[in-house]
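# Commentary on secondary and tertiary structure
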Amino acid sequence: PARRDTRRDAAAAAFGDANITSVVADVSTPEGAAAVAKTAAAWGGGVHVLVNNVGGSGARTFNEMDDPDLQQALDRNLWSAMRTSKACLPLMTAGAAIVNIASIWGRESGGAPGYNAAKAALVSLTKSMARDLISQGVRVCCVAPGSILFPGGGWERRQAADPKGIAAFVARDIPTGRFGTPEELANVVTFLASPRASWVVGACLPVDGGQSKAF
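All values reported here derive from a predicted model rather than from experimental measurement. (Residues numbered from 1 in each chain as written. Predicted model: local features only at pLDDT ≥ 70, side-chain atom pairs only at ≥ 80, totals over all residues. Heavy atoms only, no water.)

### Considering the overall build of the protein
A count of helical and extended segments in the protein gives 7 helices and 4 strands. When its helices and strands are written in sequence order, the protein yields α-α-β-α-β-α-β-α-α-α-β. Whereas a compact globule of 215 residues would reach a radius of gyration of roughly 17 Å, the protein reaches 17 Å, a difference of no more than 12%. Along the first, second and third principal axes, the C-alpha atoms of the protein reach 50 × 40 × 35 Å. Expressed as a percentage of the 215 residues in the protein, the buried residues total 39%. Relative to all contacts within the protein whose residues are 6 or more apart in sequence, the contacts with residues 24 or more apart total 68%. A total accessible area of about 12000 Å² is found for the protein, and carbon and sulfur atoms account for 57% of it. Of note, the protein has its 21 positive side-chain charges centred 5 Å away from the centre of its 18 negative side-chain charges. (Helix = DSSP H or I, 4+ residues; strand = E, 2+ residues; numbered from the N terminus. Rg over C-alpha atoms; globule rule 2.2 N^0.38 Å. Buried < 20%, exposed > 50% of the residue type's maximum accessible area, 1.4 Å probe, protein only. Contact = heavy atoms within 4.5 Å. Areas by Shrake-Rupley, 256 points an atom, 1.4 Å probe, with all protein chains shown as cover. Lys, Arg positive; Asp, Glu negative; His and termini not counted. Charge placed at Lys NZ, Arg CZ, Asp CG, Glu CD.)

### Considering the layout of surface pockets
Quantified by volume, the second largest pocket comes out at close to 180 Å³. Every residue lining the second largest pocket is listed: Ala81, Met82, Ser85, Lys86, Leu89, Ile98, Leu125, Ser128, Met129, Asp132 and Leu133. Of all elements in the fold, only α3 (67–88) and α4 (113–133) reach the threshold of two or more residues within the lining of the second largest pocket. No other element matches the 5 residues that α4 contributes to the lining of the second largest pocket. The class makeup of the residues in the lining of the second largest pocket is 7 nonpolar, 2 polar and 2 charged. (1 Å grid on protein atoms, 1.4 Å probe; cavity = no way out; pocket = protein on both sides within 12 Å on 5 of 7 lines; lining within 4 Å. Points joined across faces, edges and corners; volume = space filled by probe spheres on them. Nonpolar A, V, L, I, M, F, W, Y, C, P; charged D, E, K, R; others polar.)

### Some points on the pairing of strand β1 (residues 49–52)
Only one face of β1 is covered, namely the one carrying Leu50 and Asn52; the face carrying Val49 and Val51 has none of its residues buried. The sheet contact formed by β1 and strand β2 (residues 97–101) spans 4 bridges and is parallel. When the sheet's bridge partners are listed, valine 51 is paired in β2 with valine 99. For the crossover from β1 across α3 to β2, the handedness is right-handed. (Pairing = 2+ DSSP bridges. Right-handed = clockwise from strand over helix to strand, strands pointing away.)

### A few points about the environment of asparagine 19
Mapped onto the secondary structure, asparagine 19 falls in the loop between α1 (5–13) and α2 (30–43). Once the C-alpha coordinates of asparagine 19 and alanine 161 are considered, the two residues, 142 residues apart in sequence, prove to be 39 Å apart.

### Describing the environment of serine 103
By the secondary structure assignment, serine 103 is in the loop between β2 and α4. Classification of serine 103 as buried rests on a relative accessible area of 3%. When the C-alpha positions of serine 103 and aspartate 208 are compared, they lie 9.2 Å apart, and in sequence the two are 105 residues distant. If we skip the residues at most four places from it in the chain, serine 103 touches Tyr115, Lys119, Val143, Ala144 and Pro145. Within the structure, serine 103 has its side chain in polar contact with the backbone nitrogen of tryptophan 105 (distance 3.0 Å). (Polar contact = N/O pair within 3.5 Å; in protein donor to acceptor, adjacent residues only side chain to side chain.)

### A word on the sheet that holds β2
In space, the 4 strands of this open sheet follow the order β1-β2-β3-β4, with parallel pairing throughout. The open sheet terminates on both sides in strands that have one partner only, identified here as β1 and β4 (204–207). Geometrically, the sheet is characterised by an average inter-axis angle of 20° between neighbouring strands, direction not taken into account. Relative to β4, strand β3 (residues 139–145) runs parallel, the two being bridged by 4 bridges. Looking at the pairing, alanine 144 lines up with proline 206 of β4. (Axes fitted to C-alpha atoms, helices over the stretch in contact; angles between N-to-C directions.)

### Digging into the packing of α3 against α4
Packing of α3 against α4 leaves a shortest axis separation of 8 Å and a crossing angle of 20°. Looking at the two axes, α3 sits roughly parallel to α4. Every pair of crossing elements has a handedness; the one defined by α3 and α4 is right-handed. Residues Leu70, Ala73, Leu74, Asn77, Leu78, Ala81, Met82 and Ser85 of α3 lie in contact with α4, whose contacting residues are Gly114, Tyr115, Ala118, Lys119, Ala121, Leu122, Leu125 and Met129. Considering only residue class, the contact of α3 with α4 consists of 12 nonpolar, 3 polar and 1 charged. (Parallel < 35°, antiparallel > 145°, perpendicular 65-115°, else oblique. Left-handed = near helix turned anticlockwise from the far one by under 90°.)

Put into structure tokens, the structure is as follows:
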């Protein structure tokens, strides 16, 4: 799903001639989550893998944060995963998997306060989902990415605005000395969603090049 036709069409085109069905939906809303499930049901075959990958930050300090800012962070980062999982669960059978995309800032202090709180809640929700749904044969895990560089993303914009400052940040805070890539994150998500991870239930796996400091 995507909220704009252009993003959706570009993503679908990347798969070439594969059998792709896409939907325009804002899954931070109940209607958007329901639209995704409805499209999946109409396509047929059930839902085998659900990756909840919606996010967004907000006010950078507690003093700047207000009710709408926190609500937006929760809608994007927490409610979207809960609502879409709830909507798609009736379409899942034993062997299905849900992977929630959290953040290293859901495991330790860092980032905007609303984002931090929402991602921490997503890590917690993942564990509860995992313990409840494994009896139905549905595995739930989450991934905690560090700083990932991709076209159009926040780190690309910051890098363009302040190349020296961002270079200093990378050298100081990321032991591998570089940003991560979407492909490196996708490799881990693919593993967690696959039968090869059949004994991984409720885990939150950092994918961060050593950036985070939590145990």
